[in-house]
Amino acid sequence: MARSCILPLAAILLILFLCVCKSKAEESKELVLLYKDPKQPTEKRIKDLLKRMTLAEKIGQMTQIERINATADVMKKYGIGSVLSGGGSVPKVNATAKDWVDMVNGIQNGALSTRLGIPMIYGIDAVHGNNNVYKATIFPHNIGLGATRWRPKTIATVCGSVKCVVVLISGRPVVIEPHLEKMDALIAAWLPGSQGQGVTDVLFGDYGFTGKLSRTWFKRVDQLPMNFGDKDYIYDPLFPFGFGLTTTTSNPAKDLSA
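Residues numbered from 1 in each chain as written. Predicted model: local features only at pLDDT ≥ 70, side-chain atom pairs only at ≥ 80, totals over all residues. Heavy atoms only, no water.

Caption draft 1: How the structure looks around the side chain of Lys219. Its location among the elements puts Lys219 in the loop between helix 7 (197-203) and strand 6 (246-247). On the basis of relative accessible area, Lys219 is assigned to the buried category, the value being 19%. There is a polar contact of 3.3 Å between the side chain of Lys219 and the side chain of Asp236. If near-sequence neighbours (up to four positions away) are discounted, Lys219 is found in contact with Val175, Glu177, Asp236, Pro237 and Leu238. (Helix = DSSP H or I, 4+ residues; strand = E, 2+ residues; numbered from the N terminus. Buried < 20%, exposed > 50% of the residue type's maximum accessible area, 1.4 Å probe, protein only. Polar contact = N/O pair within 3.5 Å; in protein donor to acceptor, adjacent residues only side chain to side chain. Contact = heavy atoms within 4.5 Å.)

The following block contains the structure:
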């Protein structure tokens, strides 16, 4: 009689043990959140995150608020997805770089403390360089530099302060030799392409530079007319016919040939 009772009891204990093990395994699996695993495919991570989100959390993630309203508590309570510093919206008057870092980190910590721990996206309304930051280098509006015409003073001012690439869209050679040493790089674009994309594609490394000069680039006006094939003592150009750098990588500095 005693022996027959022991066997069912052992079986029950075994079942309970297996259930506990399964529960622990599922709990452990749940702790490894798929959407937080950078080794997983992006689509998988997105689907995993979306199925975990409540409607309120989805609304919060689609909401952008102004910096003045963004506190760690607000970020945590509403699960805000992004914060913007609009024009003139600063942490305080004459805020230092550290003030900015501390502000953004504080807001980010609030976002990361939410149930799902989704980091917020921070944006700033600054089309002139980071013009909200005290003592930052300020440039004219996007079109400003392009509309300055050919003014050597602009090149001296800008290139004397920061590393600069001068993009010259003139359709023909112009006298630049006196100012060339002030430039870090010069790009001549006869035809810039739609909205300047033909220039930006190569500037940002999407394509390599392959263009060659279709005519001789003179140093001074008194050298004209100057043509390829002129005698050596006459043909003394700034850049000869057919000149141009060729790049074959996304980093022009690593692979240049003339």
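We are not done yet, so read on.
Caption draft 2: Fine view of the sheet that holds strand 3 (residues 121-124). The strand order across the open sheet built from three strands is 1-2-3, with neighbouring strands paired in parallel fashion. The strands lining the two open edges of the sheet, one partner per strand, are strand 1 (64-66) and strand 3. Neighbour-to-neighbour, the strand axes of this sheet turn through a mean angle of 25 degrees, independent of strand direction. Where strand 2 (residues 82-85) lies against strand 3, four bridges are found, and the strand directions are parallel. From the neighbouring strand, Ser85 faces strand 3, where its bridge partner is Ile124. (Pairing = 2+ DSSP bridges. Axes fitted to C-alpha atoms, helices over the stretch in contact; angles between N-to-C directions.)

Caption draft 3: The nonpolar core, seen in detail. Ranked by internal contacts, the top residues of the largest apolar core, which has 13 residues, are Ile65, Ala70, Met75, Val83, Ile107 and Met120. Residue contacts for Ile65: discarding those within four places in its chain leaves Ala70, Val74, Met75, Ile80, Ser82, Val83 and Leu84. (Core = buried A, V, L, I, M, F, W, Y, C linked by side-chain atoms within 4.5 Å.)

Caption draft 4: Summary view of helix 6 (residues 152-159). Looking only at helix 6, the buried set comprises Ile155, Val158 and Cys159. Mapping the buried residues of helix 6 onto a view down its axis gives an arc of 85 degrees, with all of them on the same face. Check the buried side of helix 6 and you find it contacts strand 4 (165-168). (Arc of directions from axis to C-beta.)

Caption draft 5: Local environment of the pairing of strand 4. Side chains Val166 and Leu168 project from strand 4 onto a buried face, and the interleaved Val165 and Val167 project onto a face without burial. Strand direction decides the pairing type here: strand 4 and strand 5 (residues 185-188), joined by four bridges, are parallel. The partner of Val167 across the bridge, within strand 5, is Ile187.

Caption draft 6: Local environment of a nonpolar patch on the surface. On the surface, Val165, Val167, Ile169, Leu203 and Phe204 cluster together to form a nonpolar patch covering roughly 460 Å² of accessible area. Following the sequence through the fold, Leu203 ends up in helix 7. (Patch = residues over 30% accessible without salt bridge, like charges linked within 9 Å, V, L, I, M, F, W, Y side chains within 5 Å. Areas by Shrake-Rupley, 256 points an atom, 1.4 Å probe, with all protein chains shown as cover. Salt bridge = Lys/Arg side-chain N within 4 Å of Asp/Glu carboxyl O.)

Caption draft 7: Seen up close, the pattern of salt bridges. Enumeration over the complete set of coordinates arrives at eight salt bridges. A salt bridge links Asp236 to Lys219, with the shortest nitrogen-to-oxygen separation between them at 3.3 Å. You can see Asp236 sitting in the loop between helix 7 and strand 6 and its partner Lys219 sitting in the loop between helix 7 and strand 6, a full 17 residues away along the chain. One network of salt bridges, with partners in common, ties together Asp48, Lys51 and Arg52.

Caption draft 8: Just the state of the cysteines, in detail. Going through the model one piece at a time under the given rule, you end up with one disulfide. Covalently, Cys159 is tied to Cys164 through a disulfide, its sulfur atoms 1.8 Å apart. Taking the sign of the S-S torsion, about 105 degrees here, the bridge from Cys159 to Cys164 comes out right-handed. When sorted by exposure, Cys159 lands in the same class as Cys164, which is buried. (Disulfide = S-S within 2.5 Å.)

Caption draft 9: Seen up close, the packing of aromatic side chains. The full count for this structure, using the stated rule, is four aromatic pairs. With 6.0 Å between their ring centres and 85 degrees between their planes, Trp217 and Phe239 make a pair best called edge-to-face. Pair noted here: Trp217 is in the loop between helix 7 and strand 6 and Phe239 is in the loop between helix 7 and strand 6, with a separation of 22 residues, a long-range link. The exposure classification of Trp217 matches that of Phe239, with both residues buried. Both rings, one in Phe228 and one in Phe241, keep their centres 5.3 Å apart while their planes meet at 40 degrees; by these two values the pair is tilted. Placement of Phe228 in the loop between helix 7 and strand 6 and of Phe241 in the loop between helix 7 and strand 6 is noted, with a sequence separation of 13 residues between them. Classification of Phe228 as exposed rests on a relative accessible area of 59%. Feature note: the residues Trp217, Phe239 and Phe243 constitute an aromatic cluster, connected by ring pairs. (Phe/Tyr/Trp six-rings, centres within 6.5 Å; stacked < 30°, edge-to-face > 60°.)

In short, shape yes, function no, at least from these values alone.
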